[in-house]
Amino acid sequence: MDTISHRIPYPPRLALAHTPTPLEPLKRLGETLGVELYFKRDDLTGAELTGNKVRKLEFLLADALDKGADSVVTCGAAQSNHARATAIAAVKVGLSSRLLLRTPDPAHPPSLEGNILLDRLAGAEIVWISYEQYGRRAEMFQREAESLRKVGKTPYLIPEGGSNALGAWGYVRTVEELANDLETLPGGTEQPTTIVHATGSGGTTAGLILGVQLTGLQARVVGINVCNDRDYFVRVVGDICETALSDHQLDLPFKRERDVEILDGYVGRGYGKTRPQELSLLRDLARTEGIFLDPVYTGKAFFGMARELQQDPDVFGERVVFIHTGGIYGLFPMAEQMAALL
Ligand SMILES: Cc1ncc(COP(=O)(O)O)c(C=O)c1O
């Protein structure tokens, strides 16, 4: 792909995403916020596969096929982007999928809209589980895997968000793409960059941190968590990075307390719940830049980033790259909340 790729020991990968994704300058918005602002358009990894998850699935599904799997099992929230991307990517490589999706009352699952509609169109089998069962998802995974094995299938288990040491390689590649693009800008790769993004299950953050260390890019990685809290993600991201270091014999100077930077304070009303000010900013970006964020991940992370910059324009340094990790299908089930703002 470029001059430095030969130094990065990537595991086997399937080509599923449309990459490299563009790095777009947002000049007017950047001027308003007082920084040189870019969006890395990972919402353009594909139409149906839009977003960050397909990058992880390129590595995970390569492993699934290598292990002789004929089906995948994964889990998530009802409107999980990861589950939708898994269901569709599975079809593309000839696997069936079973999705364990959480909902308050599994006997009355949510309606067929947004990601759920796409899951079903792609032929995924959905198993609705309660929040309590989701809390014991490791056990639920084993139960589903066992039931598939009993009917002669060979399932491959993909954790929540595709966030493990193998999936994280997807975001190592993103950093490599970014390094190539930054090289062509004034200041090149020597000028420090802060990479801001949404953290939901930790794999994207872990991959970005590993990618920065592997490429030697002058960059700070800041994840804005959309659920849980800072300590939770320092642990989760730290574990993914350390597992990647040992699984792939990477000799990197990783230290979780120093390298995992989580900017807490923007979970708002809770995971998947929105506040009018977050939705208003999402609407304003659509109207001023023609870019659509999602309410659950990118909308909250972008809100957090903008708020921080309004309080202190120097907080992230001069050059900021916001990773647009996709999620557009999550907008449609929010039509009612949005209506009041339109
Ligand atoms: C649109 C979108 N952005 C960001 C994230 C967060 O990525 P990660 O789960 O790797 O932390 C997710 C998934 O959780 C997502 O669906």
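Preceding block: the structure.
> How should the pairing of strand β10 (residues 319–324) be read in this particular structure?
Within a regular strand, side chains alternate between the sheet's two faces. Counting buried residues along β10, 6 of its 6 residues qualify, which places the element largely inside the surrounding structure. Across the two faces of β10 the burial is the same, with R319, V321 and I323 and V320, F322 and H324 all buried. Relative to β10, strand β2 (residues 36–41) is paired through 6 bridges, and the arrangement is parallel. Looking at β10, one finds that L37 is bridged to V320. Where strand β7 (residues 193–199) meets β10, 4 bridges bridge the pair, whose relative direction is parallel. Looking at β10, one finds that V196 is bridged to F322.

> What am I meant to see in the nonpolar core here?
A89, A168, V196 and F322 are the most contacted members of the largest nonpolar core, which has 84 residues in total. The dominant element in this core, judged by the number of residues it contributes, is helix α7 (residues 169–183), at 7 residues. In this structure, this core is formed jointly by two domains, domain 1 (5–51 + 164–339) and domain 2 (53–162), each of which donates at least three residues. Filtering out sequence-adjacent residues up to four positions away, A89 remains in contact with L16, L49, V54, L57 and L61.

> Quick question: what am I supposed to make of the pairing of strand β3 (residues 71–77) here?
Taking burial as the measure, the 7 residues of β3 include 7 buried ones, the bulk of the element. Two strands pair when backbone bridges link them, and β3 and strand β4 (residues 96–102) are joined in this way by 7 bridges, in the parallel orientation. When the bridges of β4 are listed, A77 appears paired with R102. Considered for its hand, the β-α-β crossover made up of β3, helix α3 (residues 81–92) and β4 is right-handed. In this sheet, strand β6 (residues 155–157) lies alongside β3 in parallel orientation, the contact comprising 3 bridges. Its bridge partner being in β6, S71 is matched across the sheet by P155.

> Is there a simple way to think about the packing of helix α8 (residues 203–215) against helix α9 (residues 230–247) in this case?
The axes of two packed helices give the description: the angle between them and the distance between them. It is the contact of α8 with α9, at a shortest axis distance of 9 Å, that shows an interaxial angle of 50 degrees. For the element pair α8 / α9, the angle class is oblique. When you trace α8 past α9, the crossing you get is right-handed. In this structure, α8 contributes G203, T205, A206, I209 and L210 to the contact, and α9 contributes V237, I240, C241 and A244.

Thresholds, definitions, all that
Per chain, the residues get numbers from 1 upward, laid out in the order the sequence is written. Given that the model is predicted, a residue must reach a pLDDT of at least 70 before its local features are reported, and side-chain atom pairs must reach 80 or more before they are shown or counted; all residues, however, enter totals for whole chains, interfaces and linings. Exposure classification rests on a simple neighbour count of other C-beta atoms within 10 Å of a residue's own: a residue reaching 20 or more is buried, one at 12 or fewer is exposed, and one in between is partly exposed. C-beta atoms are placed from the backbone. Put simply, DSSP marks the helices as runs of H or I at least four residues long and the strands as runs of E at least two long, and each gets a number from the N terminus on. Being paired, for any two strands, means DSSP has found at least two bridges between them. Take the buried Ala, Val, Leu, Ile, Met, Phe, Trp, Tyr and Cys residues, join any whose C-beta atoms are within 7 Å, and the set you get is a nonpolar core. Bear in mind that the domain bounds are from an automatic or database domain assignment. Whether two residues are in contact is decided by their C-beta atoms, placed from the backbone, lying within 7 Å. Crossover handedness is defined here as right-handed if the route from the first strand over the helix to the second strand goes clockwise, with the strands pointing away from the viewer. Lines fitted to C-alpha atoms define the axes here, with helix axes fitted over just the stretch in contact, and angles between the N-to-C directions of these axes take values from 0 to 180 degrees. Should an angle lie under 35 degrees it is considered roughly parallel, over 145 roughly antiparallel, and from 65 to 115 roughly perpendicular; all remaining angles are considered oblique. For any helix crossing, the convention is left-handed if the near helix is rotated counterclockwise from the far helix by under a right angle, and right-handed if that rotation is clockwise.

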